[in-house]
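# Working through the structure, step by step
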There are 2 protein chains.
Amino acid sequence: MPASPEIQMAVSTIIFALRPGPQDLPSLWTPFVPRTREPHLNKWALPGGWLPPHEELEDAAARTLAETTGLHPSYLEQLYTFGKVDRSPTGRVISVVYWALVRADEALKAIPGENVQWFPADHLPELAFDHNDIVKYALERLRTKVEYSEIAHSFLGETFTIAQLRSVHEAVLGHKLDAANFRRSVATSPDLIDTGEVLAGTPHRPPKLFRFQR
Amino acid sequence: MPASPEIQMAVSTIIFALRPGPQDLPSLWTPFVPRTREPHLNKWALPGGWLPPHEELEDAAARTLAETTGLHPSYLEQLYTFGKVDRSPTGRVISVVYWALVRADEALKAIPGENVQWFPADHLPELAFDHNDIVKYALERLRTKVEYSEIAHSFLGETFTIAQLRSVHEAVLGHKLDAANFRRSVATSPDLIDTGEVLAGTPHRPPKLFRFQR
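Bear in mind the structure is a predicted one, so any value in this text is a computation, not a measurement.

Assigned secondary structure in chain A consists of 6 helices and 9 strands. Viewed in the frame of its principal axes, chain A has a C-alpha envelope of about 65 × 35 × 25 Å. Among the 214 residues that make up chain A, the fraction classed as buried is 47%. Taking contacts inside chain A between residues at least 6 apart in sequence as the whole, the part at least 24 apart equals 61%. Of the accessible surface of chain A, which amounts to about 11000 Å², a share of 53% is contributed by carbon and sulfur atoms.

Here it is as structure tokens:
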């Protein structure tokens with residue numbers, strides 16, 4: 001017989017966006033919402049909620065994210081399931097966590113006001129439950145993702161300048177890179193294609209736009 | 001209020017071992033156990049069971065694996081959580097799936113007899129629930145794992161011959177590789193270290209043993 005009626009299922013979502021951070025270093029920012037009930041009342045938490053029995057996991061993650069933040073990423077990926085016996089003081093809660101990387105313009109669609117607050121992912125306050133651990137795990141996964149082209153595409157869109165691409169690498173790594181060295185190293189990448197176009201709105205020596213080979 | 005009392009939580013585990021397969025091609029094999037109750041009575045299923053409210057996810061996966069197969073891999077990794085609304089005919093069941101790669105000698109410790117049966121992972125019968133999809137997903141993840149050194153280490157242990165290493169690549173890819181080409185391509189890998197030792201028990205031209213750089 002099933003032994004789990006005492007277990008509650010939840011979903012949470014972690015969004016990363018690229019925005020200027022402290023000392024103008026591009027950083028990864030993540031939106032949080034305040035807890036409106038106990039436990040952890042008023043602490044910041046990842047957007048999420050309970051899983052209704054008839055809703056798919058990813059649909060529940062997308063819906064609770066939209067309801068609390070106004071964000072609608074085109075696609076959510078399952079990150080990990082957090083289920084430690086003691087992670088919630090009110091009984092066993094297992095949370096399936098989804099994540100997405102969004103472009104800065106998409107991030108701006110988040111509901112303004114006090115219900116959503118963005119924090120730099122590596123400078124967080126004390127969050128509700130084990131949410132600090134969840135963000136830490138997500139950052140680690142992001143840093144070991146091999147496909148930087150995929151990460152850059154998510155944050156920047158189809159085309160980008162070399163400086164924009166460098167800012168993605170800097171944000172994920174968490175430190176500055178030498179601009180000349182970076183330019184040299186990507187120039188030799190066979191996956192990077194010069195589109196022949198330049199960045200609009202930059203009259204003097206406008207930077208070239210590149211894209212990744214499909 | 002929590003909306004999930006009607007949701008049941010389960011764990012399952014998928015084990016891959018390297019064994020000779022059809023036409024002597026090294027293959028990935030996976031153990032299954034027969035369903036002893038409805039739904040899907042008598043069909044083959046991944047080892048697993050219900051999650052007790054006070055047991056950690058990974059502990060429950062390891063325990064149910066050991067109880068049904070006798071296997072005790074040194075470590076289980078969380079693979080993915082499968083939770084489609086209609087994946088079980090008896091109500092919502094969410095299954096957190098763990099996986100491990102084991103060496104052939106470890107695989108032999110599985111309980112012999114009719115309660116465990118190993119199948120080649122890419123030639124499976126119709127399994128219970130969505131377990132065919134789960135194995136397919138695991139194979140895909142294995143094939144896109146970048147760290148072949150890690151996969152080889154799990155299957156072969158600390159040291160191995162070039163032929164053994166090739167058999168790992170062949171099993172994961174699912175097709176034969178040219179022996180001379182493979183030897184040439186790995187010979188240039190800076191991560192592969194000649195141990196100076198040779199395979200024991202092979203009197204004539206015993207093959208050299210290699211290991212991966214840490």
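That shown, we press on.
The subject of this paragraph is the nonpolar core. Looking at soluble globular proteins, one finds that nonpolar side chains tend to be buried together. The biggest cluster of nonpolar side chains holds 46 residues, and the ones touching the most others in it are A:M9, A:L51, A:W118, B:M9, B:L51 and B:W118. Discounting chain neighbours no more than four positions away, the residues touching B:W118 are B:I15, B:A17, B:R19, B:W29, B:T30, B:P31, B:L71, B:A107 and B:A110.

Turning to the pattern of salt bridges, a few remarks are in order. All names here are of chain A. Tallying each qualifying case throughout the model produces 12 salt bridges over all chains. Close ionic contact of E170 with R166 constitutes a salt bridge, the shortest N to O distance being 3.2 Å. Here E170 and its partner R166 are both found in helix α5 (residues 162–173), 4 residues apart, which amounts to about one turn of the helix. We classify E170 as buried; its relative accessible area is 2%. Each member of the salt-bridge network shares a partner with another, and the members are E55, R63 and E67.

Residues and elements named next belong to chain B. The end-to-end C-alpha distance of helix α3 (residues 131–144) is 20 Å, a good match for the 20 Å that 14 residues give at a rise of 1.5 Å each. Of all the positions in α3, only H131, I134, V135, A138, L139 and L142 are classed as buried. Taken end-on, α3 shows its buried residues confined to a sector of 135°, consistent with a single buried face. Facing away from the buried side of α3 by over 90 degrees, the exposed positions are K136, E140 and T144.

In this section: the pairing of strand β1 (residues 8–20) of chain B. Residues and elements named next belong to chain B. With 11 of 13 residues buried, β1 lies mostly within the body of the structure. Relative to strand β6 (residues 93–102), β1 runs parallel, the two sharing 10 bridges. Pairing of A17 across the sheet is with V102, part of β6. Note: β1 against strand β4 (residues 48–50), 3 bridges, orientation antiparallel.

Residue and element names in this part refer to chain B. Under the counting rule described, the total for this entry stands at 14 aromatic pairs over all chains. Look at F32 and F119: their rings are 5.9 Å apart centre to centre, the planes differ by 55°, and that puts the pair in the tilted class. Here F119 lies in strand β7 (residues 117–120) and F32 lies in strand β2 (residues 26–34), a separation of 87 residues in the sequence. Aromatic pair F160 and F212: ring centres 5.2 Å apart, planes at 40°, arrangement tilted. Here F212 lies in strand β9 (residues 208–212) and F160 lies in the loop between α4 (148–156) and α5 (162–173), a separation of 52 residues in the sequence. Each member of the pair F160 and F212 is classed as buried.

With that settled, the discussion passes to the environment of B:A171. Residues and elements named next belong to chain B. Take A171: it is sitting in helix α5. Sequence separation between A171 and T188 is 17 residues; the distance between their C-alpha atoms is 22 Å. Other than its neighbours up to four places away in sequence, A171 contacts L18, P26, S27 and L28.

Moving on, we get to helix α1 (residues 57–69) of chain B. Helix length check: α1(B), at 13 residues, gives a terminal C-alpha distance of 18 Å against a target of 18 Å (1.5 Å per residue), a fit within 8%. Those residues of α1(B) that fall on the buried side of the exposure criterion are B:L57, B:A60, B:A61, B:T64, B:L65, B:A66 and B:T69. Buried positions along α1(B) lie against β5 (77–82) and β6 (93–102) of chain A together with β1, β2, β4 and β6 of chain B. Where α1(B) ends, the next residue or the one after it, B:G70, has phi of about 80°, a positive value.

Another aspect to go through is the packing of α5(B) against helix α6 (residues 179–187) of chain B. Two packed helices can be described by the angle between their axes and the distance between those axes. Residues and elements named next belong to chain B. One way to put it is that α5 packs onto α6 with a least axis distance of 10 Å and a crossing angle of 105°. In terms of orientation, α5 and α6 fall into the roughly perpendicular class. Of the residues in α6, those in contact with I162, L165, R166 and H169 of α5 are A179, F182, R183 and V186.

Scoring rules and cut-offs
- Per-chain numbering applies: the sequence of each chain, read as written, is numbered from 1 onward.
- Just so you know, chain letters begin at A and ligand numbers begin at 1, following the order they were written in.
- Only residues with pLDDT of at least 70 are given local features in this predicted model, and only at 80 or more are side-chain atom pairs given and counted; all residues enter the totals for whole chains, interfaces and linings.
- Where side-chain values are given, they derive from all heavy atoms of the structure, hydrogens and water being excluded.
- Under the DSSP-based scheme used, a helix requires at least four consecutive residues in state H or I and a strand at least two consecutive residues in state E, with every element numbered from the N terminus.
- For the exposure calls, accessible area comes from a 1.4 Å probe over protein chains only, and a residue counts as buried if that area is under 20% of its type's maximum, exposed if over 50%, partly exposed in between.
- Note on contacts: a residue pair is in contact if any heavy atoms of the two residues lie within 4.5 Å.
- A 1.4 Å probe and the Shrake-Rupley method give the accessible areas. Residues count as covered only by the protein chains that appear here.
- Nonpolar cores were defined as sets of buried Ala, Val, Leu, Ile, Met, Phe, Trp, Tyr and Cys residues, with membership established by side-chain atoms within 4.5 Å.
- Salt bridge, as used here, is a side-chain nitrogen of Lys or Arg placed within 4 Å of a carboxyl oxygen of Asp or Glu.
- For a helix, the expected span equals 1.5 Å multiplied by the residue count minus one.
- Relevant arc is that of directions from the helix axis to the C-beta atoms, nothing else.
- DSSP calls a pair of strands paired once it identifies at least 2 bridges connecting them.
- Pairing of aromatic rings covers Phe, Tyr and Trp, the last through its six-membered ring, and needs centres within 6.5 Å; plane angles under 30 degrees mean stacked, over 60 mean edge-to-face, and all others mean tilted.
- Note on definitions: angles span 0 to 180 degrees between N-to-C directions of axes, and those axes are lines fitted to C-alpha atoms, for helices only across the stretch in contact.
- Angles are sorted into four bins: roughly parallel if under 35 degrees, roughly antiparallel if over 145, roughly perpendicular if 65 to 115, and oblique for all others.

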